[in-house]
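Survey of secondary and tertiary structure
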Amino acid sequence: MADGSTGPEVVSIEREGDIALIRIDNPPVNASSHAVRQGLWNTLEELNAEGTAKAIAIYCAGRTFMAGADIKEFGKPSKPPVMPEVHSKIEQSAIPVVSVIHGTALGGGFEMALCSHARVAIKGSRVGLPEILIGLLPGAGGTQRLPRLSGLEFALDMSLSGRQVGVAEALEKGAIDRVVEGDPRDVAVHSARDLADGSLAARRTDKIETVYDQAVIDAALAGVKARSPHLVNPVKTVEAIAASRLPLEEGMKIERQCFMDCMETPQRAGLIHAFFGERAVSGIAEAKGPTRDIQKIGVIGGGTMGSGIATSCLLAGIPVRLIEVAAEGLERGVATITKNLDGAVSRGKLPADKRDAAIAMLEPSLEMDSLADVDLVLEAVFEQMDVKREIFGKLDGICKPGAILASNTSYLDINEIASVTSRPQDVLGLHFFSPAHVMRLLEIVQGEKTAPDVLATGFALAKRLKKVGVLAQVCDGFIGNRILAHYGKTASYLVLDGASPQQVDDALEGFGFAMGPHRVGDLAGLDIGWMTRKRKAADRDPAERYAGAVADRICENGWFGRKSGKGYYVYEGSTPQPNPEVATIIDEVRAAEGITPRSFTDEEIVDRYMTAMIAEAARVVEDGTAKRPVDVDMVFLFGYGFPRFRGGPLHYADTLGAAELVRRIEAYAQEDPHYWQVPDLLRKMAADGTSFADLNKEG
Ligand code: 3H9
């Protein structure tokens, strides 16, 4: 049977009378690695050469059917047999083949079912083509076979959304042939017997023609261009699906070309970095080990953050006691949570019948003492150290031993907060991002004395809340806000020196950010930054160029952005327009500071902004605030709207190289040597020829 490169444990043949089973066992998710492909090839050859089996069923061991190609192999030279060849071999098998799906059949896994002569799924399983999410397209026949079985529209829907489809829907659309209950091996035996005796009909895609409609393809193409203007793979996906009008063999060639085109793009590398990064942040030792049991959570503060956090807990099925100091604030908090839950229902995140159950788990209270029985308290009040100190002092006297005391502070010193308690080992930072029930990032801030099980519980909670927990050490702003505080100044300097706010926004949106920094400021409220600047005015470094002059003048007019109808933009009618009065303010500030405005290209804007971001991110890695570069990347993808297809600031930095970044910083330093300083780490990397990816491997 299999040659030496495939252990029988990965792909093996089992015989049951006159039928044969091919069993794939490649934990954790049966990804189609080279060993699996080779094993399938060899077992099919062996069974066909023997010619005794009446039918073959392919099934998988473990928790799921095949989750697709082994993503770790991408970016390396492909080793034959490649998946499309294996799938053709399955389709061409003289002995009919049925695939038996349990768990999830994704990407190449679902494509293997499509190339089989029949497809049986176990109730509750799901199928999907998630390649779109990692910069690729179904490249093992999915773009050719699914349109043949289920029509162009369904194939476009599955391939462009990447959504997982329940088997009932897949059955209705003809993508599978039968849904049954049972154990995968038993179902495999029965299905093979049924295929052999004809009670399960074979449907071979090489015998079916696609019902083609150019108008459907044109509409899909227009849709992807409008929705994802930066991405290559959605257009290539439509192109490949359009090729399903051709004979299968010809369509397969076009699909392969489109797939390889996508494989070559930096977007594919960025999106796969994001896939593994999301998992890597919780793969660290600090996230593992014993945790404390969290049955009930107390949230202090019913403002936007506190209500969002409470909503997030309720959505995860965790009862919440919400504390406010005054009845009015409490009512407002409950109303916000109710509105958030209603929003979750309308967005399809919460079944309507679960909404009331979620609200029933909320206990509003004006008594801090009522926190005596909760397992974890999340404080989400004003960012003022004296207020936090007072609250944590009280909590120390109220909460039961072993309760975790967490602050949602976005920059304050967790060690100082912990120091007012007699149990600093139970204190940590859990920094949510607004809106807290939507944004997936959770910075888990480790204090000097935070106990290991408290930290691990932070990660376990992130998982329960379906968030991406990232470990951060204490510093002003932790990972994300500290880096933001630095590069945010670049946007202001660009405007002071000659660019318009709109040009800066448009350039960065062209790079892939969902919104430019001035549009974000208008959305979040310009008064927030204004208050921070006023609070920090006394500590301002006199050697630093002041970045807030224009924004201060805008706020002095009472223009705080969207909520006041005006900010950098004017919010009248459907499309916000640049605020002409801001242009006047900018002229005045430039004149007062003696600046002669100059022009910037969009490319220069992006280069300066990204270089500033990368410089501070490098310092954050260098001083250990972030454990590894990938942690910074995930903070930006999940909390700051960084374009996912670029993988994160430090993944992007690797595409430029440390030497180029040093060169840029040194050039900009000619203008402002205080702001533009080369981080030691970057200088060392430029000298060694190393990358942030290398540091990820070490970390
Ligand atoms: C493809 O198929 C291309 C073809 O069309 C054409 C080829 C020519 N490869 O997510 P989890 C690892 S592209 C390698 O924590 P869950 C994952 O990193 C592929 N490794 O579990 C993790 O490792 P670790 C299309 C993979 O239960 C472990 O498995 N398919 C792969 O929450 C457990 O994963 C996809 O894009 C893989 N394909 O979710 C499917 N998948 O423990 C991507 C997972 O070391 N996968 N790993 O951190 C998923 O969506 C989820 O992992 C899945 C399980 C739903 C399967």
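Residues numbered from 1 in each chain as written. Predicted model: local features only at pLDDT ≥ 70, side-chain atom pairs only at ≥ 80, totals over all residues. Heavy atoms only, no water.

1. A few points about the site of the ligand
We apply this condition: Near is defined per residue: the residue qualifies when any heavy atom it owns lies within 4 Å of the molecule or strand. Side-chain atoms alone can form a polar contact between residues adjacent in sequence; in general such a contact is a pair of N or O atoms within 3.5 Å, and within protein one must be able to donate a hydrogen while the other accepts it. Areas reported as accessible are Shrake-Rupley estimates using a 1.4 Å probe. Residue values count occlusion only from the protein chains shown. Here a helix means four or more residues in a row that DSSP labels H or I, a strand means two or more in a row labelled E, and each is numbered from the N terminus. For this classification, the nonpolar set comprises Ala, Val, Leu, Ile, Met, Phe, Trp, Tyr, Cys and Pro, the charged set comprises Asp, Glu, Lys and Arg, and every other residue, Gly included, is treated as polar.
The immediate surroundings of the ligand are formed by 27 residues, with Arg63, Ala67, Glu111, Glu131 and Arg279 found nearest. One of the side-chain N or O atoms of Arg63 is found 2.5 Å from an oxygen atom in the ligand. Within the side chain of Arg279, an N or O atom sits 2.8 Å from an oxygen atom of the ligand. When the free accessible area of the ligand is taken as 1,000 Å², the share hidden by the protein chains comes to 74%. Of all the secondary structure elements, the ones that give two or more residues to the shell around the ligand are α3 (108-115), α10 (248-263) and α11 (266-280). Among the elements that line the shell around the ligand, the one with the most residues is α11, at three residues. Taken together, the residues of the shell around the ligand break down into 16 nonpolar, four polar and seven charged.

2. Re the confidence of the model for the protein chain
The following threshold applies: As a per-residue measure, pLDDT reflects the predictor's confidence and takes values from 0 up to 100. Contacts are residue-level and defined by heavy atoms, with any inter-residue pair within 4.5 Å sufficient.
Per-residue pLDDT for the protein chain has a mean of 96; in total, 99% of the residues score no lower than 70. Residue range residues 1-7 is modelled with pLDDT below 50. Its contacts to residues more than four positions away, or to other chains, number 16 contacts.

3. Examining helix α18 (residues 480-497)
Inclusion rule: In this scheme, a helix's expected span is set at 1.5 Å multiplied by one less than its residue total. Note that the bend at a residue is defined as the angle between axes fitted to the seven residues ending at it and the seven residues starting at it. Only protein chains enter the accessibility calculation, which uses a 1.4 Å probe; a residue whose area is less than 20% of its type maximum is buried, one above 50% is exposed, and one in between is partly exposed.
Its 18 residues place the ends of α18 26 Å apart at the C-alpha level, agreeing with the 26 Å of an ideal helix rising 1.5 Å per residue. Along α18, the sharpest change in direction is near 25° and occurs at His486. Those residues of α18 lying buried are Gly480, Arg482, Ile483, His486, Tyr487, Thr490, Ala491, Tyr493, Leu494, Val495, Leu496 and Asp497. The positive-phi residue at the C-terminal boundary of α18 is Gly498, with phi of around 150°.

4. A short note on the sheet that holds strand β6 (residues 118-122)
Worth spelling out the cut-off: Pairing between strands requires that DSSP locate at least two bridges from one strand to the other. Fitting a line to C-alpha atoms yields each axis, with helices limited to the stretch in contact; the angle taken between N-to-C directions then spans 0 to 180 degrees.
Strand order in the open sheet formed by six strands is β1-β2-β3-β4-β6-β9, with mixed pairing between adjacent strands. The two strands at the open ends of the sheet, each matched to only one other strand, are β1 (11-16) and β9 (178-180). With direction set aside, neighbouring strand axes in the sheet form an average angle of 25°. For β1 and strand β2 (residues 19-24), the ladder comprises six bridges, and the chain directions are antiparallel. Opposite Glu16, over in β2, you have Ile19 as the bridge partner.

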